[in-house]
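# Understanding the architecture of this molecule
Chain by chain, the residues run as shown.
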Amino acid sequence: MSDIDDLIKAASNARECAYAPYSNFKVGAALRTASGNIFSGCNVENAAYPEGLCAEASAIAAMVRAGEQTIVEALVLGDGESLCTPCGGCRQKLREFASDDTPIHVCDPEGLRKTISLGVLLPHSFGPEHLK
Ligand code: THU
């Protein structure tokens, strides 16, 4: 039992709910917040392709809806040979509620493949501080 097993479980359960009839690429995401709570999400595609929603975005929406705004750890789970790293848009979405040193765990159905900090995924990022 590792300390991210709870996040893996949440992302894996969420992934089961993914609606991905166009790409057939199901993704689950889980976020741990400062309070210790976990929020999960799955991708939700749309016949109008650009209207699809990524798993990370759906988890962030659940978190904000619950009144939380600080991500201390995030996990993305998808299948395939390549690492299922968050897309560019999701890196920016995570950035809003996380910091450069926030670990992003990249998993497949077998488990953890790589942990990368958000600052490495999205260097020199633009964030809320820029608007203060
Ligand atoms: N997808 C995510 O949910 N998160 C990512 O960060 C990468 C891509 C989804 C979007 C789409 O439904 C499917 O994966 C294929 O791109």
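Heads up: the structure comes first, above all this text.
Residues numbered from 1 in each chain as written. Predicted model: local features only at pLDDT ≥ 70, side-chain atom pairs only at ≥ 80, totals over all residues. Heavy atoms only, no water.

### Concerning the site of the ligand
Note the threshold: One heavy atom within 4 Å of a molecule or strand makes the whole residue count as near it. Here a polar contact means two N or O atoms within 3.5 Å. Within protein one must be a hydrogen donor candidate and the other an acceptor candidate, and residues neighboring in sequence count only if both atoms are side-chain atoms. Polarity classes work like this: nonpolar for Ala, Val, Leu, Ile, Met, Phe, Trp, Tyr, Cys and Pro, charged for Asp, Glu, Lys and Arg, and polar for all others, with Gly in that last group.
Taken together, Ser23, Phe25, Val27, Asn43, Glu45, Cys54, Ala55, Glu56, Thr85, Pro86 and Cys87 form the complete shell of residues around the ligand. Residue asparagine 43 places a side-chain N or O atom 2.9 Å away from an oxygen atom belonging to the ligand. The separation between an oxygen atom of the ligand and a polar main-chain atom of cysteine 87 is 2.8 Å. Of the residues belonging to the shell around the ligand, the class tally is six nonpolar, three polar and two charged.

### Remarks on the pairing of strand 1 (residues 27-33)
Formally: Exposure categories follow from relative accessible area, calculated using a 1.4 Å probe and restricted to protein chains: below 20% of the type maximum is buried, above 50% is exposed, and the middle band is partly exposed. The helix count covers DSSP runs of H or I at least four residues long, the strand count covers runs of E at least two residues long, and both are numbered beginning at the N terminus. For two strands to be treated as a pair, DSSP must find no fewer than two bridges joining them.
With seven of seven residues buried, strand 1 lies mostly within the body of the structure. The alternating pattern of strand 1 places Val27, Ala29, Leu31 and Thr33 on one face and Gly28, Ala30 and Arg32 on the opposite face, and all of these are buried. Bridge count between strand 1 and strand 3 (residues 71-78): seven bridges; the pairing is antiparallel. For glycine 28, the partnering residue across the bridge sits in strand 3 and is leucine 77. In this structure, strand 1 lies alongside strand 2 (residues 38-42), joined through five bridges in antiparallel fashion. What sits directly across from arginine 32, in strand 2, is isoleucine 38. As consecutive antiparallel partners, strand 1 and strand 2 are separated by four residues, and within that stretch glycine 36 has a phi angle of approximately 95 degrees, a positive value.

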